[in-house]
Amino acid sequence: MRTLVVCVDRAGDIARSTGAAVPIVGRDAIEDLVIDLGQRDPEDSTVNCLLEALRVGADVDDGTNEAIVAAVSGAADTAVGADRALAEQLDELVATHAPDTAVVVVDTAGDEGVVSIVESRLPVDAVDRVVVRQARDIESTYYLLKQFLADEELRESVLVPLGVVLLVFPVLLTVTGSLALAIASITAVIGAFLLYKGLSVDERLGVVSTQARKALYSGRVSIVTYVIAVGLTLVGAFVGALSVSGLGDAGAFVTAMAFVYHSVPWLALAALAGATGRLIDEFIRDDGLRASYLNLPFGAIAVGLVVRGFSAYFVEQAGIISPAHAPALPLVAGGVLSPEERLTAFVLLGVLISLVGIRVSSHLTAESPGRDETP
């Protein structure tokens, strides 16, 4: 039985350093190669790989088994060319010596990729990887870093923020002149990035942008009403902030209630605009009106009235707004409403509008068979 003990040099160091013709076969030829290569570069791990091939060959050659010690080298400029050169040399060894099995000796993790090439030509009994003791941790770290840098997602998640920190930190330190302020700023940026990735904000923004493009291309009315809703929301925030700017030391709670009181009508109009646009889209597509979309405009108005009533109660009690006056009706006398009466009127009106919305949506959806009630 013949066993081919082959030392694999995928990087082509043997062919480039010594200029020897490959493949190299025989113990004497391998020993001469070890001396030649060792004298040229004593730190080359290929020397240890060749010595290990000689040792394995001596162990295999026990009288009943014949060991053929050889070395192959990928003398090419590209990875594909190196593998093809190794394949040709293995074919030459198999054709010349007709081995039955093979033992592959390698010195790096990258050379282990040649095992599949050997297996396609011979049964492989074992793979012997030689690692120099002093370089074990260094080599493992090297291949871990190599795999890390090959992963595009990991590079973007780790190297990009790390690079930004290293660039921004000296700039902040130079501009502010305070180490504590620079560290605090960098920590805030890192925290924001971690929240951005942890909450999948990038994925959510991608979905929103995709939906916005589809809405623009499809000519939906809702895209216009959503822009109107954003504008009304900004107006509401501005009106609320303007109303509390002159309150002074009114207290945080009263200030918040005053902000809500003045901004809620605009926010309710914003919600009404968005809901109306979505309802119009459903009507145009003729997919059947959903109860959820029909209820939403009424719900926006009802919630706005209730929130407006509660906030009005607090700001009126604080003396920021004047009491409300009820007009005279045929069955109800007019007059000044107390804060409690004002709150009750807003709450009852909100509930009434909500009930009207439920009634209207039930009536309209009953006339639209085959609709999907799930929003």
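Residues numbered from 1 in each chain as written. Predicted model: local features only at pLDDT ≥ 70, side-chain atom pairs only at ≥ 80, totals over all residues. Heavy atoms only, no water.

Turning our attention to the overall build of the chain. A count of helical and extended segments in the chain gives 13 helices and seven strands. Expressed as a percentage of its 375 residues, the buried residues of the chain come to 31%. The contacts in the chain between residues at least 6 apart in sequence include a share of 63% that link residues at least 24 apart. Taken as a whole, the chain presents about 22,100 Å² of accessible surface, with 64% of it coming from carbon and sulfur. (Helix = DSSP H or I, 4+ residues; strand = E, 2+ residues; numbered from the N terminus. Buried < 20%, exposed > 50% of the residue type's maximum accessible area, 1.4 Å probe, protein only. Contact = heavy atoms within 4.5 Å. Areas by Shrake-Rupley, 256 points an atom, 1.4 Å probe, with all protein chains shown as cover.)

Of note, the bond from Val22 into Pro23 is cis; its omega dihedral lies within 30 degrees of zero at 0°. Residue position: Pro23 is located in the loop between α1 (13-18) and β2 (24-25). Positive phi, close to 50°, is recorded for Ala98, a residue that is not glycine. Counting through the fold element by element, Ala98 comes out in the loop between α4 (79-97) and β4 (101-106). Judged by relative accessible area, Ala98 falls into the partly exposed class, the value being 46%.

The N-to-C vectors of helix α2 (residues 27-40) and helix α3 (residues 45-60) enclose an angle of 160°; their axes lie 9 Å apart at closest approach. Classified by the angle between their axes, α2 and α3 sit roughly antiparallel to one another. You can see that α2 and α3 cross each other, and the crossing is left-handed. The residues of α3 that touch α2, namely those facing Arg27, Ile30, Glu31, Leu33, Val34, Leu37 and Gly38, are Thr46, Val47, Leu50, Leu51, Leu54, Gly57 and Ala58. Residue composition of the contact of α2 with α3, by class: nine nonpolar, three polar and two charged. (Axes fitted to C-alpha atoms, helices over the stretch in contact; angles between N-to-C directions. Parallel < 35°, antiparallel > 145°, perpendicular 65-115°, else oblique. Left-handed = near helix turned anticlockwise from the far one by under 90°. Nonpolar A, V, L, I, M, F, W, Y, C, P; charged D, E, K, R; others polar.)

A few words on the confidence of the model for the chain. Interpretation of this model should avoid reading the predicted coordinates in detail wherever pLDDT is low. Summing up the model confidence of the chain, the mean pLDDT is 81 and the portion of residues at 70 or higher is 83%. For residues 369-375, every residue scores under 50 in pLDDT, and the model assigns this stretch eleven contacts once sequence neighbours within four places are set aside. (pLDDT = per-residue confidence, 0-100.)

Counting buried residues along strand β1 (residues 2-9), seven of its eight residues qualify, which places the element largely inside the surrounding structure. Of the strand pairs in this sheet, β1 and strand β3 (residues 66-73) are connected by eight bridges, and their pairing is parallel. By the bridge assignment for β3, Leu4 is matched with Ile68. Of the pairings in the sheet, the one linking β1 to β4 comprises five bridges and is parallel in character. Paired with Thr3 across the two strands is Thr101, which belongs to β4. (Pairing = 2+ DSSP bridges.)

This part is about the side chain of Ser73. Here Ser73 is to be found in strand β3. The exposure class assigned to Ser73 is buried, which follows from its relative accessible area of 0%. Looking at Ser73, its side chain comes within polar contact range of the main-chain nitrogen of Ala15, at 3.4 Å. (Polar contact = N/O pair within 3.5 Å; in protein donor to acceptor, adjacent residues only side chain to side chain.)

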